[in-house]
Amino acid sequence: MNEKWIVERAERKDGRLWLKVDDALVLPAGVMPKRHMLVDSDALAFVYILETEDRFLYVMVPKPWWPELKEALDAKEPVWLQCGGEVLELEQFHDELSYLLENIRDNANYGEALERAVQEMFFTG
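Residues numbered from 1 in each chain as written. Predicted model: local features only at pLDDT ≥ 70, side-chain atom pairs only at ≥ 80, totals over all residues. Heavy atoms only, no water.

> Mind showing me how you'd approach the overall build of the chain here?
Looking only at helices and strands, the chain has 3 helices and 8 strands in total. Computed over the C-alpha atoms, the radius of gyration of the chain is 14 Å, within 12% of the 14 Å expected from 2.2 N^0.38 for a compact globule of 125 residues. Counting only C-alpha atoms and orienting by the principal axes, one finds that the chain spans roughly 40 × 35 × 20 Å. Taken over 125 residues, the chain has a buried fraction of 42%. Within the chain, residue pairs in contact and separated by at least 24 positions form 51% of the contacts whose partners lie at least 6 positions apart. Within the structure as shown, the chain displays about 6900 Å² of accessible surface, and the carbon and sulfur contribution to it stands at 47%. If the 14 positive side-chain charges of the chain are averaged to one point and the 25 negative ones to another, these points end up 3 Å apart. (Helix = DSSP H or I, 4+ residues; strand = E, 2+ residues; numbered from the N terminus. Rg over C-alpha atoms; globule rule 2.2 N^0.38 Å. Buried < 20%, exposed > 50% of the residue type's maximum accessible area, 1.4 Å probe, protein only. Contact = heavy atoms within 4.5 Å. Areas by Shrake-Rupley, 256 points an atom, 1.4 Å probe, with all protein chains shown as cover. Lys, Arg positive; Asp, Glu negative; His and termini not counted. Charge placed at Lys NZ, Arg CZ, Asp CG, Glu CD.)

Spelled out as structure tokens, the structure:
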């Protein structure tokens, strides 16, 4: 069964962006970065996909953590997931995020709220 993991904290430290989820969650054996991202327009969240042999894990990065995403993107810092005591690099995060941002920009197909939020955070000022 697929699962959604919501980022509860984001921290730039030691040249990396750390996305932290509930410490009670455990990375499943064999989990791998899918190197693909989606958006959840209703939740105003970017979604990084992890996969195992039999399911997907959706790492949801909601709007409160977008300032850290923008700073890490601008600084080209790698993005890592921290889950309890385990860590995993979210490979190709910046390429995927940049692609999504360009597609969302001036595109009402993603919903007006998401388009506006992305414009304000990533393309203004």
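Okay, back to it.
> Before we go on, may I ask you to explain the pairing of strand S6 (residues 56–62) in this structure?
As a general feature of sheets, a regular strand has side chains that alternate between the two faces. S6 sits mainly inside the fold: 5 of its 7 residues count as buried. Pairing between strand S1 (residues 3–6) and S6: 4 bridges, direction parallel. Following the sheet pairing, Ile-6 is matched in S6 by Met-60. Relative to S6, strand S5 (residues 45–51) runs antiparallel, the two sharing 7 bridges. Looking across to S6, one finds that Glu-51 is bridged to Phe-56. The hairpin formed by S5 and S6 contains 4 residues between the paired strands. (Pairing = 2+ DSSP bridges.)

> Just checking my understanding: could you explain unusual backbone geometry for this structure?
Among all residues save glycine, negative phi is the norm, and among peptide bonds the norm is trans. For Asp-14, which is not a glycine, the phi torsion comes out positive at approximately 55°. By the element assignment, Asp-14 lies in the loop between strand S2 (9–13) and strand S3 (16–20). Overall, the relative accessible area of 67% leaves Asp-14 in the exposed class. A positive phi angle, near 55°, is found at Lys-76, a position not held by glycine.

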